[in-house]
Every structure is written in C-alpha cells, then in structure tokens.
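Structure assessment
Each chain, letter by letter, is given below.
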Amino acid sequence: MNAENSGRSTRRPRVQSGERAQQRTVGRGTDQDLPLKVAVRRLLWQMGCSTRLDVRLRGYTVGDRGPGHQEYTDLDVLGIGFTPAGQLHTTFADCRSSSGRALERMFWVRGVADFVEADDAYLVRANAVPSAARTLSSRLGVGILTPDDLASMVRVFPTELDLESGPLACMFDLHGVGAHLDSHSGLSRKLAPLVDYLDFDYWVYEPYRNLTQVVAHLSDAAGTLNPDDRVHRTLFYDCAWHYALAIVRALAFVRSTRMADVPAAVRIYAAGGELALREKNQMAKLLARNGFDIDSGVVHPPYIDSLITLITRFLVHPSELADVLRYAEYLGVAEITRVPETVGQAFGASVRPVAAKLFADICSFLVTSAGLRPEFKSAARDRSVVDLTGGVPSNLVPPGDAQQESGDQLTIPDS
C-alpha cells in the first residue's frame, strides 16, 4: 500500500550526527534577532498577512553512512498573504541585529527568495546600511528596512485590530513569541516525528504531499496527543495552520486546471498529478488481477471525499483564506501563553465568521481523518466559533446531552 495514502507517515532519513541535539537544546525564543522578527511580523499582520517565524529548510543527503539530513538555512519571517482572487502571495524577511556585510547579504537574500519562490523579499537591519545597498535594492528586488524604514511602513498600513493591549498583543510580545517558538521543545520522543515534520519536512516536500502527510503524522501521534495538555493543543493548532496552507496550494491547482470538476482536480492533485494517478490505478489493477486484496487506499486516502468537501468550501470563499491562517496562528500563540480570549473576542468587530467556521472545519477534518481524540475538535470550536453562533461551550454541555455541537449552527455553502 502506498505509504502516502495509507495513513502512514513517510519514514525520515537519519539525522546527521549532532544535528538533533542542536535542534533540541538551542532556544529559538532567546534569539537576539527576535525583536526585529516580531517587528516584521507586526508589519505583515497590518498588511493582512499571516506569518511564520524561523522556517527552517533542510534537504536529504546520501553520505558514507547512509541517508541523512543537511540543514540549508532558515527564513527569519515568512509572510503569507493573498490577492483579492485568493492567489497566494509570499514575503520573506531576513532580520539581523548585527551590522556589517549588508551587501553580501543582499545577494544571499535574493537567492533564498528565489529558492522559496517568494514574491517579496526584505533585508531588515537594526542599524543603518551602506548607501550601495539601497542602490542594489531595486536591481535585486530586495527591499531594505532599517528601523526608520520599518516605522514608516507601519504607518502606511494602519489596522483596526488592537495589536498593543488586547488579546492579539500576545502575538507581538517577545516572551509570548518566544514561548511559542520553544513550545515544541521537551515533548515526548513519540511526538518527535510530528515536530520534525512541521519544522523541516513540510517545507521541502512537494506541496501536494502535505495534504496527506499532515494527517499521516497526526495519526501516528494520535495515541500520544492529549487534548487536556496545553502544549499538545498548541501543537494541534500549529498543524491546522500548516494544513490550511496545504489547502491553499491545492486551491491554486484546482483553479488553474479543472475548476468545472473539483473532485477530479483534488484527486489528481492529492495523487501527485495525472501521470502519478494513472500509475497508481494501473498498479491497483495489476495487483487485483494477481489475487491481492486491494483497498481504495492504494490510490486515494480513505478520507478523500471529506477532503474534496473541505477544499470545495475554501474554493468558494477566496476572501477568507488569510483570516483562516491568522486565526490558527493566534490560537497557537494564545494557547501556550494562556490567553483565554476566543477568536471572536480577540478580533472584535473585524472577525469574519465564515473564516472562523472554515478554521473549525479544518480542525474537525484533522481530528476525524487522523483518529485524534474528539476533545481537540471541541476545543477548537469553543475558541473559534461558539461565541459567534450563540452556542454553548463544550465544557458546559452535560454528558449525553443531545444538543448540537457548538459551532455547527453556522453553516457555509459548499458551492
């Protein structure tokens, strides 16, 4: 059975000697460049983007001791935004509090931006840069942001959200951001494959694989993940953010190939393309003719119909994509920093109920498809949609009560 579709996560090559120890001992939340990264996160949020800090890139290598990993570099800040039509627009920012070597770094930023196919790239510095760097800026397509530039950019993009003192302030508080960056450290070794996947493999896999690999890694960790554990809930919301981005990339494929036949487009994309789907179908027929008992998981994951429904819901709401990611990002940080406010309370008058429902739908899909404990779904709904629908939080519903689950009262069309 194809591991990608069977619910089994892809086996990871051995980590090169010393790399895992370094990953586990260095506190990402104590980075001296963190204030700059948080400042850029704030700017991108005012632009309407969602963000990810310290995105680490590594590849697979084959050496004398067999297959292993080699870390390439990291993206200090990755911004995820969208055009009005729902097209993905990414921003990469390199943040350094140290001075010097700005010109060399400009070329490095350009190369990394091309590697990750970023639409915009910025060199962010805590000090002034040589005038030659600004001359290179337009030639290389790399923006320069010193503290004065950054302050001016912030003024250009005002926001109605309270990022200073409200619940959303946890997203821009150094302690809170650091706690979230370090939240995956010290977890059970049984969760290491899931954490490594989110930190590394997710960003180097072919994008279509993430539709099945997020589910597969969660399924492998289902027996360990505990919805009563705050850190585990944070990890679950981080998985939801990654899955939302995987859906966004699937939407781009559907829009450009088979908008009139969404189920076929999703099946093709999830299989890795038309050729890969044809090969899987041929292999299934060949095995069946030779007497093997073949189930549908050889070609498609068992949850493919639910995935098609989920993607269709996103497809008809392109204006909600950024907020789905932002809600997942907020809840991940809020959970680990013990900020209790729901999405509705945190975003106030700017909250978008349909985006909140789509986020809850992702969480419900992941719980069902990966076989997680249902309390993860209840927790996500309580924090995303319950107060937008007049529902009752799950902890106030008596056991065995037939009342409809909180958040299910808000429905959105599939087409």
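Residues numbered from 1 in each chain as written. Predicted model: local features only at pLDDT ≥ 70, side-chain atom pairs only at ≥ 80, totals over all residues. Heavy atoms only, no water.

Our next topic: the side chain of D76. Note on placement: D76 falls in strand β2 (residues 66-82). Once residues within four sequence positions are removed from consideration, D76 is found in contact with K37, R52, L53, D54, F92, A93, D94, C95 and R96. (Helix = DSSP H or I, 4+ residues; strand = E, 2+ residues; numbered from the N terminus. Contact = heavy atoms within 4.5 Å.)

Where side chains of opposite charge bring their charged atoms close, a pairing between them can arise. For the structure shown, the criterion picks out 27 salt bridges. A salt bridge links D323 to R352; the shortest N-O distance between them is 3.7 Å. Here D323 is found in helix α13 (residues 321-336), whereas its partner R352 is found in the loop between α14 (343-347) and α15 (353-370), with 29 residues between them in sequence. Since its relative accessible area comes to 14%, D323 is described here as buried. When its relative accessible area of 31% is taken as the criterion, R352 is described as partly exposed. A salt bridge links R383 to E335; the nearest nitrogen and oxygen atoms lie 3.2 Å apart. Residue R383 is located in helix α16 (residues 375-384), and its partner E335 is located in helix α13; the two are separated by 48 residues in the primary sequence. A single network of salt bridges, built from pairs that share partners, joins D33, K37, D54, D76, D94, R96, R105 and R125. (Salt bridge = Lys/Arg side-chain N within 4 Å of Asp/Glu carboxyl O. Buried < 20%, exposed > 50% of the residue type's maximum accessible area, 1.4 Å probe, protein only.)

Here the focus is the environment of Y205. Relative to the helices and strands, Y205 resides in the loop between α7 (192-204) and α8 (210-220). Of the residues examined, Y205 reaches a relative accessible area of 11% and is grouped as buried.

Okay, the confidence of the model for the protein chain next. Interpretation of the predicted coordinates at a detailed level should be avoided for regions scoring low in pLDDT. Of the residues in the protein chain, 86% reach a pLDDT of 70 or more, and the chain-wide mean stands at 87. Confidence over residues 11-26 falls short of pLDDT 50; this stretch has 33 contacts with residues more than four positions distant or in other chains. The low-confidence segment residues 402-408, where pLDDT is below 50, has 15 contacts with residues more than four positions distant or belonging to other chains. (pLDDT = per-residue confidence, 0-100.)

So, about helix α3 (residues 102-115). Its 14 residues give α3 an end-to-end C-alpha distance of 20 Å, which sits within 8% of 20 Å, the value for a rise of 1.5 Å per residue. Against β2, β3 (88-96), β4 (120-125), α4 (131-140) and β5 (143-145) lie the buried residues of α3. Residue E117 follows α3 closely and has a positive phi angle near 60°. (Expected span 1.5 Å × (residues − 1).)

It is worth spelling out the environment of A132 at this point. With respect to the helices and strands, A132 occurs in helix α4. Since its relative accessible area comes to 33%, A132 is described here as partly exposed.

Another aspect to go through is the nonpolar core. Grouped together as the largest cluster of nonpolar side chains are 119 residues, with contacts concentrated most on Y243, Y330, F347, I362 and L366. Those residues in contact with Y243, other than ones at most four positions away along the chain, are N210, L211, V214, V215, L307, L310, I362, F365 and L366. Formed by six residues, the second largest nonpolar core is a distinct cluster that contains I268, A271, A284 and V298. (Core = buried A, V, L, I, M, F, W, Y, C linked by side-chain atoms within 4.5 Å.)

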